[in-house]
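# A structural walkthrough
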Amino acid sequence: MDCKHSADVNRRLARISGQVNGIREMVNEGRPCDELLIQLSSVSSAVTQVAKLILTEHLTHCVLSDCDEGTLARLEEAIDQFAKLK
């Protein structure tokens, strides 16, 4: 991926990978389901944030390169609202 956020995306993905490995350990330890669900929710949210970052970068540099900043700001706001839907 060649974008201005690639270092941030890599850092976030490394953190997510660590969280998933931690969840695997929790399963092996027989931790309660509610604790697992909390951690899984956290991973899900983190993945959504990475996807939002990549989507915003794609829209900014590939789709909307000729649009003004106001249009981009409104689109980013719409993406934020969409990402909150579950």
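Here the residue numbering is sequential within each chain, running from 1 through the sequence in written order. Only residues with pLDDT of 70 or above have their local features reported here, since the model is predicted, and side-chain atom pairs are shown and tallied only from 80 upward, although totals for entire chains, interfaces and linings are computed over all residues. As a convention, hydrogens and water are excluded, and side-chain values are obtained from all of the structure's heavy atoms.

## Digging into the overall build of the chain
Helix and strand definitions here come from DSSP, where helices need a minimum of 4 consecutive H or I residues and strands a minimum of 2 consecutive E residues; each element is numbered from the N-terminal end. Counting its regular elements, the chain contains 3 helices and 0 strands. Taken from the N to the C terminus, the helices and strands of the chain come in the order α-α-α. Burial classes: relative accessible area under 20% of the type maximum marks a residue as buried, over 50% as exposed, and values in between as partly exposed (1.4 Å probe, protein chains only). Out of the 86 residues in the chain, the part that is buried amounts to 20%. We call two residues in contact whenever any of their non-hydrogen atoms come within 4.5 Å of each other. Restricting to contacts in the chain with at least 6 residues of sequence separation, those with at least 24 account for 56%. Surface accessibility of the chain: about 6,300 Å² in total, with carbon and sulfur atoms responsible for 56%. Computed with a 1.4 Å probe, the accessible areas rest on the Shrake-Rupley method; for each residue, only the protein chains presented here act as cover.

## Some remarks on helix H1 (residues 6-29)
To estimate how far a helix should extend, the number of its residues minus one is multiplied by 1.5 Å. For H1, which comprises 24 residues, the first-to-last C-alpha distance of 34 Å matches the rise-based estimate of 34 Å (1.5 Å per residue) to within 8%. At the C-terminal side of H1, Gly30 shows a positive phi close to 75°.

## Structural notes on the nonpolar core
A general trend in soluble globular proteins is that nonpolar side chains are found buried together. In this text, buried Ala, Val, Leu, Ile, Met, Phe, Trp, Tyr and Cys residues form a nonpolar core when linked through side-chain atoms within 4.5 Å. Among the nonpolar cores identified, the biggest contains 8 residues, and these are Val9, Ile16, Ile23, Met26, Leu36, Val43, Val50 and Leu53. Residue assignment for this core shows that the elements contributing at least two residues are H1 and helix H2 (33-63). For Leu36, the residues in contact, after removing those within four places along its chain, are Ile23, Met26, Val27 and Arg31.

## Remarks on the confidence of the model for the chain
Confidence scores per residue from the predictor, reported as pLDDT, run from 0 to 100. When pLDDT is averaged across the chain, the result is 85; 88% of the residues are at 70 or more. Looking over the chain, one finds the lowest element-wise mean pLDDT in helix H3 (residues 69-84), namely 78, and the highest in H1, namely 96.

## Describing the side chain of Asp8
Tracing the sequence through the fold places Asp8 in helix H1. There is a polar contact of 2.7 Å between the side chain of Asp8 and the side chain of Arg11. Polar contacts, as used here, are pairs of N or O atoms within 3.5 Å; protein pairs need one atom able to donate a hydrogen and one able to accept it. Residues neighboring in sequence count only if both atoms are side-chain atoms.

## Here's the deal with the pattern of salt bridges
In the sections that follow, a salt bridge refers to a side-chain nitrogen of Lys or Arg positioned within 4 Å of a carboxyl oxygen of Asp or Glu. Tallied over the entire structure, the rule returns 4 salt bridges. For Arg31, the salt bridge goes to Glu29, with nearest N and O atoms at 3.3 Å. With a shortest N-O distance of 2.8 Å, Arg31 and Glu35 are connected by a salt bridge. Looking at Glu35, the relative accessible area reads 28%, which means it is partly exposed. Salt bridges here are not isolated pairs; linked through shared partners, they connect Asp8, Arg11 and Arg12.

## What about the side chain of Thr56?
Within the secondary structure, Thr56 sits in helix H2. Dropping the residues within four chain positions of it, Thr56 is found in contact with Glu76 and Ile79.

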